[in-house]
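Listed here are the chains, written in short residue letters.
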Amino acid sequence: MSTFRKRFLTNKTAVFCSVLLALLCLTAVLAPVLAPHDPTEMFQDHRMEGSSADYLLGTDQFGRDLLSRIIYGARVSLVVGISAVLVSVAFGTLFGLIAGYFGRWIDGFIMRVMDVLFAFPEILLALAIVAALGPGTFNTIMAIGIVNIPIFTRTVRGAVLSIKNLEYVESARAIGASTKRILFLEIFPNVTAPLLVQSSLAISGAILTESALSFLGLGIQPPDPSWGGMISEARRYMELAPGMIIWPCIAMTVTILACNMFGDAVRDILDPRHRSK
Amino acid sequence: MGSYLLKRVASLIPILFGISVLVFTILHLVPGDPASIMLGTNATPEAIAALNKSMGLDQPLLSQYMSWITGMLQGNFGVSVHTGEDILPQILKRFAITLQLTVLGVLIGWALAIPFGILSAIRAHSKTDIVVRVATLLGISVPNFAIGTLLLLGFSLYFGWFPPIDVVSFWEDPVEAFKVFILPATTMGIVVAAGVMRMTRSAFLETMDKDFIRTARAKGNSQWTIVMGHAFRNSSIPIVTIAGMQIGYLLGGSVIVEQLFSIPGLGQYILEGIYQRDYPVVQGGVLFVALVFVLVNLLIDLIYTWIDPRIKY
């Protein structure tokens, strides 16, 4: 672990992106303190204004402060992104451990189910699930979570297959360790590295999907601010107040870029074969 | 090859079965009574009972699935609850539009990605390379609806130009169709380009390190011959893989792009189905896209054997 820490600290991209992501998380957590106004409060006399001392990034069509909405939007994006990935990691890890360790028909069955989930374009499957369950924050998290389960199942299964016949696992078996102990205490700690890489890449994907669902009006419901929803609302006024589109786009791009670059950097650190040339 | 094709097609059967079960389940995940949700709050009990009967929703689940899947296999996708029209002809009509959009998007994406990807690999670590890599990262990180919205904003603010509203196909009026499709296809193309460019660069970097390239260089071949004649085909497997995945992504992503640019393609049809709670439309549309996606993947597998004859199944 200490070599990991050393490599991590000497990797400029990894350090820069983790600082950026930490700042974003801090912004999300401290949203009520940082936001200058209530994100849903309408200042009717200040509709679609440009930036000013009171409204740093201007206001939207209802006179709501854009900066406050973007700050609260960070909260929504990160909460949905992280929760959805936690759902996928939990189920994906469980299925992957079981499939990889037990093999045979259990493996065959689990992996065929995953193949079926893989047979749908991501956004379409998420849309279909939201169509059935209805829009809203919880259903958005579940839909994105379910869509990403196969990626984690495959990642963990692959890692388990390469580990399960190693000597230390056999010796655990030889001293009579239970299957549960072997799976969760012997094998699981060794699949955390690929899980970490996959998770940071999946969070950016989850944020993208959430914003797309909200853009289509099927994700986070108004008046709660979400970046995708803000861009969708702003389309009608784009020539009058381009800032309403541009600021949420920048916020979203920076967040997703940071997640993607962080994921790439961690992969480079953990897996020298993957080092980008 | 023939036996491989048979095996590969046979392996699709459980997947197709799984897809059909999943799509069938969508309707039954709906909380409450699907018929009354589809008809809305003003529906009379008689109308609800009639819809339940016509869609077979009063039957046991297994027989519902059996009659649904039998209908699908015979090309009967049912009728729209909202308009009463047959669903399959609508799907085919709208898929023709989505297909034109997707093909143009893919062409734009590849035209951007492959030359710049190669350039960035053969001039690794140069300024060109850095610009290409930053552009790639941005392309992966900006959502397609943001790219589309910004393109619309840019063209309307600076050029005072909007794409025409009436959608025509390329065989009716190629010039007008080009005007209709160019912005949405560019939106798709930028996202495609980012993924393909990344893959092209890393595939070429790997190939250019190989011994046969050194031999080709030692024989005094020009850079052009080495890249196009020797490296290109040998780098193309991962590029084709990612390109195939991108086509699937585009079929899904078309939902957003079509909605943004008001293009009446298959994506918009599915979305209208979702907004109007017209579940047979949603089921038919999603099933159709999944089938196309599976077939595209099969095609990609077959293309491998053509690119690299060493691959034998």
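A brief look at the structure comes next.

Moving on: the overall build of chain B. Counting secondary structure elements, chain B contains 12 helices and zero strands. Moving toward the C terminus, one meets the helices and strands of chain B in the order α-α-α-α-α-α-α-α-α-α-α-α. Along the first, second and third principal axes, the C-alpha set of chain B runs to 85 × 55 × 35 Å. Within the span of chain B, comprising 313 residues, buried residues form 48% of the whole. Expressed as a percentage of contacts within chain B between residues at least 6 apart in sequence, the contacts between residues at least 24 apart total 70%.

What follows concerns the overall build of chain A. Assigned secondary structure in chain A consists of 12 helices and zero strands. Along the chain direction, N to C, the helices and strands of chain A fall in the order α-α-α-α-α-α-α-α-α-α-α-α. Each principal axis of the C-alpha atoms in chain A carries an extent, and together these give about 75 × 45 × 35 Å. Counting across all 277 residues of chain A, residues that qualify as buried make up 54%. Restricting to contacts in chain A with at least 6 residues of sequence separation, those with at least 24 account for 69%. Of the roughly 12500 Å² of accessible surface on chain A, a fraction of 65% belongs to carbon and sulfur atoms.

Moving on to the side chain of B:Ser20. Within the secondary structure, B:Ser20 is located in helix H1 (residues 2-29). The exposure class of B:Ser20 is buried, given its relative accessible area of 3%.

Residue and element names in this part refer to chain B. Across all of its chains, the model carries 10 aromatic pairs over all chains by this definition. The interplanar angle of 75° and the centroid separation of 5.1 Å between the aromatic rings of Phe 95 and Phe 288 together place this pair among those described as edge-to-face. Of the two residues, Phe 95 is situated in helix H5 (residues 87-122) and Phe 288 in helix H12 (residues 279-307); the sequence distance between them amounts to 193 residues. No difference in accessibility class separates Phe 95 from Phe 288, as the two residues are buried. Among the aromatic side chains, those forming a connected cluster through ring pairs are Phe 17, Phe 24, Tyr 65 and Trp 68.

Turning to helix H2 (residues 12-29) of chain A, a few remarks are in order. Along its 18 residues, H2(A) runs 26 Å from first to last C-alpha, staying within 8% of the 26 Å computed at 1.5 Å per residue. Capping the start of H2(A), A:Asn11 holds a side-chain oxygen 3.1 Å from the backbone nitrogen of A:Thr13, two or three residues further along.

This part covers the interface of chain A and chain B. Every contact between the two is made by 38 residues of chain A and, on the other side, 50 residues of chain B. For the pairing of chain A and chain B, the buried interface totals around 3800 Å² over both sides, and the portion due to carbon and sulfur atoms is 79%. Put simply, chain A and chain B have one salt bridge between them. Notably, a salt bridge pairs A:Asp264 with B:Arg198, separated by 2.4 Å at the nearest N-O pair. At the junction of chain A and chain B, the tally comes to four residue pairs in polar contact (both at pLDDT 80 or more). Of all elements in the fold, only helix H5 (104-118), helix H6 (122-133), helix H10 (192-215), helix H11 (227-234) and helix H12 (243-270) of chain A reach the threshold of two or more residues within the side of chain A that touches chain B. Broken down by element, the residue count for the side of chain A that touches chain B peaks at 10 residues, all from H12(A). When grouped by side-chain class, the residues that make up the side of chain A that touches chain B number 29 nonpolar, four polar and five charged.

Turning our attention to the nonpolar core. In terms of nonpolar packing, the biggest core is built from 177 residues, with A:Ile187 and B:Ile19 touching the most fellow members. Here this core takes 16 residues from helix H4 (residues 66-102) of chain A, the largest share from any one element. Those residues in contact with B:Ile19 that lie beyond four places of it in its chain are A:Val116, A:Ala119, A:Phe120, B:Leu287, B:Ala290 and B:Val294.

Two side chains carrying opposite charge are able to pair once their charged atoms lie near each other. Tallied over the full model, the rule gives 11 salt bridges over all chains. Its salt-bridge partner being A:Asp115, residue A:Arg112 comes within 3.1 Å of it at the nearest N-O pair. Taken together, the residues A:Arg112 and A:Asp115, both in helix H5 and three residues apart, mark about one turn of the helix. Overall, the relative accessible area of 40% leaves A:Arg112 in the partly exposed class. One salt bridge connects B:Arg201 with B:Asp129, and the closest N-O pair in it is separated by 2.8 Å. Linking B:Arg201 in helix H8 (residues 174-208) with B:Asp129 in helix H6 (residues 127-141), this pair joins segments that are 72 residues apart in sequence. With relative accessibility at 9%, the residue B:Arg201 sits in the buried group. Connected through shared salt-bridge partners, A:Arg112, A:Asp115 and A:Arg154 make up one network.

The residue A:Arg104 is not glycine, and still its phi comes out positive at about 45°. Overall, the relative accessible area of 76% leaves A:Arg104 in the exposed class. Even without being a glycine, B:Ser262 presents a positive backbone phi close to 50°. Note that B:Ser262 resides in the loop between helix H10 (223-260) and helix H11 (266-275).

For the rest of this paragraph, the subject is a nonpolar patch on the surface. Residue and element names in this part refer to chain A. A grouping of Val 19, Leu 23, Leu 26, Val 29, Leu 30, Val 33 and Leu 34 is seen on the molecular surface, where their side chains present a nonpolar patch of about 660 Å² in accessible area. Elements that contribute at least two residues to the nonpolar patch include exactly H2 and helix H3 (31-34). At four residues, the largest contribution of residues to the nonpolar patch is made by H2. Within the secondary structure layout, Val 33 lies in helix H3.

Rules and cut-offs
Within each chain, residues carry numbers counting from 1 in the order of the written sequence. To label them, take the chains in the order written and letter them from A, then take the ligands in the order written and number them from 1. Reporting of local features is limited, given that this is a predicted model, to residues whose pLDDT is at least 70; pairs of side-chain atoms are given and counted only at 80 or more, and all residues count toward the totals for whole chains, interfaces and linings. Side-chain numbers come from the whole structure's heavy atoms, not from hydrogens or water. Strands are runs of DSSP state E lasting at least two residues, helices are runs of H or I lasting at least four, and both sets are numbered from the N terminus onward. Only protein chains enter the calculation, and the probe is 1.4 Å; a residue is then buried if its accessible area is under 20% of its type maximum, exposed if over 50%, and partly exposed in between. Note on contacts: a residue pair qualifies if any of its non-hydrogen atoms lie within 4.5 Å across the two residues. We get accessible surface area from the Shrake-Rupley algorithm with a probe of 1.4 Å; when it comes to residues, only the shown protein chains can shield them. Centres within 6.5 Å are what make two rings of Phe, Tyr or Trp a pair, Trp counting through its six-membered ring; a difference in plane orientation under 30 degrees is then read as stacked, over 60 as edge-to-face, and the rest as tilted. By this rule, a helix spans an expected 1.5 Å times one less than how many residues it contains. Polar contact is the term for a pair of N or O atoms within 3.5 Å; when the atoms are in protein, one must be able to donate a hydrogen and the other to accept it, and sequence-neighboring residues count only if both atoms are side-chain atoms. Defined here as a combined quantity, buried area equals the accessible surface (1.4 Å probe) lost by two parts on assembly, summed across both. Put simply, a salt bridge is a Lys or Arg side-chain nitrogen that is within 4 Å of an Asp or Glu carboxyl oxygen. Residues are grouped as follows: Ala, Val, Leu, Ile, Met, Phe, Trp, Tyr, Cys and Pro are nonpolar; Asp, Glu, Lys and Arg are charged; all remaining types, including Gly, are polar. By convention a nonpolar core is built from buried Ala, Val, Leu, Ile, Met, Phe, Trp, Tyr and Cys residues, the set being connected through side-chain atoms within 4.5 Å. Nonpolar side chains (Val, Leu, Ile, Met, Phe, Trp, Tyr) are joined into patches within 5 Å and like charges within 9 Å, using only residues with over 30% relative accessible area and no salt bridge.

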